[in-house]
Structures are given as structure tokens and as C-alpha cells.
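Spelled out, the chains give:
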Amino acid sequence: MSEAVQANKPFRAVQVGCGNMGKRWVKYALSREDVEIVALVDIYPAAAEAMANELGLTCGKFTSLEEAIRATGANLVMDVTIPEVHKSVVMTATALGCNVIGEKPMAASMQDAIEMKNFVNQHNKNYIVMQNRRYNKQIREARGMIEQNVIGQPGFMKADFFLGPHFGGFREAMDNPLILDMAIHTFDQARFLLGANPVSVYCHEFNPPYSWYKGNASAVCIFEMSDGTVFSYNGSWSAEGAPTSWESAWRIVGSKGTLIWDGKNRPYAEVVPVEPAQGAFMNEHMQVYPSAVWEGREGHDGCFEEMFTSLIEGRKAETDCSDNLNSMAMVFGAIESAKRGEKVQISSILSNL
């Protein structure tokens, strides 16, 4: 066993996946005083060597995760591999006594995600998934307004997502590029905003004739949520002109008024006054802004901080795999609905839990 085992830092981390996003993860880890990078793992040795040279790391480089963990006594694995590899990484790491933090999506299939969650629980370990779009000051303020009952009981929520990115590469060859690669973010945001989980979904997935994608780059989804809200998602990755934010444009209608967030600017609500005019055909409304500013860290850093804090405090993280399964079920439920052309109950997607 290497000298890394003797390090007094509580987190002895193995980085799996040494590409550009992997660098983002390692840079954050290096900013913490309680983390030591004890190994880099990549199927391409040159990638691990390049990361080590660029970031000044002297740790071991491996092509086998199991070998890296056994050689270093690691207790944490940071998984930034492709989705098809996540299951192997998580199960190998967990079986060897490591907690895992990893990039979204949780898995390449719903069955894999369920098996991973069960395996992690059986071994009394943690697998936490990156959902960085929850960690945005504006969405936190929007959720705060809902929790403070500013718009009353939500009943109808809509998210519009219209962009025209020309990625090239694997996304333009996928069967379900929008839903499988991107909608996980918006679906997870919807759950976060409402504090609710999906009950059913009807999805019509399609590819407009002008699309430069091989697979379906557009979709309309209708979700029934556990709090009674109906959530409508309208999205396209082949939409030129008048783009929305990557965070989507949101309208949440409640019993007292409507919350608006365009994904770029501060959210606000228009609500019925406490004492509305009697007998009015259309109520007047007053504009309300968030009463409290969220001051946490944003983006990846915000989610990283929650991941590590949860491990230190010995609790489930906000984006623990057991919670993230519900967002995954929205993705695979939507794909299944589109294939069948009918409403799908989310319980059938989670039936192997």
C-alpha cells in the first residue's frame, strides 16, 4: 500500500475520468484542505498523465479503478466517466468501501440506476449525483417564494427550453438527445421547485424536418406531480432564434398568483392583493420579489459543497442517488411514453426498487 494511506486528510480521493470536466472536479478538490487526490484513473494513460502534469499532481496513475483503490487506501471516488461506465465505477468503488460522487446522469438506464441505488444502500455507502442547476441563486429564491406561500398552492407549472446548439459528435447521433442528455436538468429543477415527485407522464417526442440531429431533438411532456401540480415541459435543441436560458423559462401558477423566472434574471411573482376589489371581472395584481437573498455557492461548487458537507455530517445529500432516482424516472418515463404513445405511471418505472 502506498504512503498516501498515511495522509491525515479525511478524504482520500480517486479521480476516475481525466478529461476536461474531470479537471473541473479535481480543481475543486484541490481547493479543499480536507481532500487529497491519491490516484488518477483513465483507460487512456496519456489522459491521466496530462492531468497530473497540468495540475501538478504526483499521485499514482492507473487504468484500473480497483487497482487504484487497493493501492492507495482511498475512501472516496469521483466519477466523471461516460454514463455507460457509471454503474461499473459505482459498484466497484462501493464494494471496496468507498463513497462515490459523480456526474449526471446517474446511469445509462433506469434498471442500472435502480441496481446501483440498491447496491450502495446494501453496503451502507453514499452515491451522490451532480445536479449543479439546483445551485443557482435565482432558482433558490424562486423555491423560497413557493415555500413562503407567496403564490399559494401551486397547480400548474410550465418550463420552456428552446436552444439551437450545434454540438457535433455523439449528441447529434443519439436517439433521444434532448430528453436523455439535457432534460434531466429541467426535470430535476421542477422537482426541486415544487418539492414534489412525478406520478405520471405523457410525452410526445419528435424531430422537426429542419433539425440537424439524427434523433428526436424536440419534445412536449406533461407530468402529474405528487402535490397535484401539472408540469408541462416544452423543449427543443433544434430551435434557431429567440433562445431561452439553459435554465429554461418558468411560469408557476398558484392559488394566489403566478411566479415568473426567465432563467436569467431574478424571479418575481404577481399576486392578488390581500383585499382584492369586490366584484372585479379581472383582479388587479401586485408584483412581489424574493424577500431573502440566497448567498450559497452556485453551480458545480455549490453542489460539491453539499456533497462533501453531507459526507462530513453523516447524512444523505440533497442529490443522493435515492432522491435522484425520481429525476431519472422522469427521463426514462418520458422516453417510454413517447415509444408507447400513451401515459406512463412513474411507479411502473420504479417498480424494481
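Look a little higher up for the structure.
Every value quoted in this text rests on a predicted model; they were computed, and no experiment measured them. (Residues numbered from 1 in each chain as written. Predicted model: local features only at pLDDT ≥ 70, side-chain atom pairs only at ≥ 80, totals over all residues. Heavy atoms only, no water.)

Let's shift gears to the sheet that holds strand β12 (residues 257-261). Spatial strand order, β14-β13-β12-β11-β7-β10-β9-β8-β15: nine strands in an open sheet with mixed pairing. The open sheet terminates on both sides in strands that have one partner only, identified here as β14 (286-288) and β15 (344-345). Two elements, strand β7 (residues 154-162) and strand β11 (residues 249-254), share six bridges in a ladder whose sense is antiparallel. Across the sheet, Ala159 pairs through a bridge with Trp250, a residue of β11. Each of β7, β11, β12, β13 (268-271) and β14 touches helix α6 (residues 137-147); the most contacted strand, β12, lies at about 170 degrees to it. (Pairing = 2+ DSSP bridges. Helix = DSSP H or I, 4+ residues; strand = E, 2+ residues; numbered from the N terminus. Contact = heavy atoms within 4.5 Å. Axes fitted to C-alpha atoms, helices over the stretch in contact; angles between N-to-C directions.)

So, about the environment of Glu147. Its location among the elements puts Glu147 in helix α6. We classify Glu147 as exposed; its relative accessible area is 56%. Through-space distance from the C-alpha of Glu147 to that of Leu194 is 8.6 Å; in sequence the pair is 47 residues apart. (Buried < 20%, exposed > 50% of the residue type's maximum accessible area, 1.4 Å probe, protein only.)

With that settled, consider the pattern of salt bridges. Evaluated as defined, the whole model comprises 26 salt bridges. Here Arg171 and Asp181 are joined by a salt bridge, their closest N and O atoms 2.5 Å apart. Separated by 10 residues along the polypeptide, Arg171 in the loop between β7 and α7 (177-194) and Asp181 in helix α7 bring together distant segments of the chain. According to the relative accessible area criterion, Arg171 is partly exposed, its value standing at 23%. Asp181 gets classed as buried once you look at its relative accessible area, which sits at 13%. Between Glu336 and Arg340 there is a salt bridge whose closest N-O contact spans 3.5 Å. Placement of both Glu336 and Arg340 in helix α9 (residues 321-340) is noted, with a separation of four residues, approximately one turn of the helix. (Salt bridge = Lys/Arg side-chain N within 4 Å of Asp/Glu carboxyl O.)

Further remarks concern the side chain of Glu141. Structurally, the position occupied by Glu141 is in helix α6. At 3.1 Å, the side chain of Glu141 and the side chain of Arg266 are in polar contact. Setting aside chain neighbours within four positions, we find Glu141 in contact with Arg266, Pro267, Pro290, Ala292, Val293 and Trp294. (Polar contact = N/O pair within 3.5 Å; in protein donor to acceptor, adjacent residues only side chain to side chain.)

Bringing the pairing of strand β10 (residues 230-236) into the picture now. With respect to burial, β10 is a largely interior element, six of its seven residues being buried. Pairing analysis gives seven bridges linking strand β9 (residues 218-225) to β10, with the strands arranged antiparallel. Residue pairing across strands places Phe223 opposite Phe231, the latter belonging to β10. Here β9 folds back onto β10, and the loop between the two strands holds four residues, one of which, Gly228, carries a positive phi near 95 degrees.

Within helix α2 (residues 45-55), the full set of buried residues consists of Ala48, Met51, Ala52 and Leu55. Along the axis of α2, the buried positions cluster into a sector of 100 degrees, meaning they face one direction only. Exposed and facing more than 90 degrees away from the buried side of α2 are Ala46 and Asn53. Residues of α2 that are buried make contact with β1 (11-16), α1 (20-30), β2 (35-41) and β3 (60-62). A positive phi of about 70 degrees marks Gly56, the residue just after α2. (Arc of directions from axis to C-beta.)

Let us look at the pairing of β7. The pairing of β7 with β10 spans seven bridges and is parallel. Directly across from Phe161, in β10, lies its bridge partner Gly235.

By the secondary structure assignment, Asn176 is in the loop between β7 and α7. Note on Asn176: relative accessible area 14%, which makes it buried. A polar side-chain atom of Asn176 sits 3.0 Å from a polar atom in the side chain of Glu205. Contacts of Asn176, omitting those with residues within four sequence positions, involve Asp181, Glu205, Asn216 and Ile335.

We now examine the environment of Asn136. Within the secondary structure, Asn136 sits in the loop between β6 (127-129) and α6. For Asn136, a relative accessible area of 13% gives the class buried. Between the alpha carbons of Asn136 and Pro105 there is a distance of 19 Å; along the sequence they are 31 residues apart. Leaving out residues up to four positions away in the same chain, Asn136 has contacts with Glu247, Trp261, Trp294 and Glu298. Side-chain polar atoms of Asn136 contact the backbone nitrogen of Ile139, separated by 3.0 Å.

Right, let's talk about the nonpolar core for a bit. Ranked by internal contacts, the top residues of the largest apolar core, which has 77 residues, are Val14, Val77 and Phe231. If one sorts the elements of this core by residue count, α7 sits on top with 10 residues. Apart from residues lying up to four places away in sequence, Val77 is in contact with Val14, Val16, Leu65, Ile69, Val89, Ala93, Cys98, Asn99, Val100 and Ile101. Core analysis: the second largest hydrophobic core is formed by 29 residues, Phe11, Ala13, Met51 and Ala317 among them. (Core = buried A, V, L, I, M, F, W, Y, C linked by side-chain atoms within 4.5 Å.)

For the rest of this paragraph, the subject is the packing of α6 against α7. One way to put it is that α6 packs onto α7 with a least axis distance of 8 Å and a crossing angle of 40 degrees. Residues Ile139, Arg140, Ala142, Arg143 and Ile146 of α6 touch α7, and the partners they reach there are Gln189, Phe192 and Leu193. Of the residues that constitute the contact of α6 with α7, the class distribution is five nonpolar, one polar and two charged. (Nonpolar A, V, L, I, M, F, W, Y, C, P; charged D, E, K, R; others polar.)

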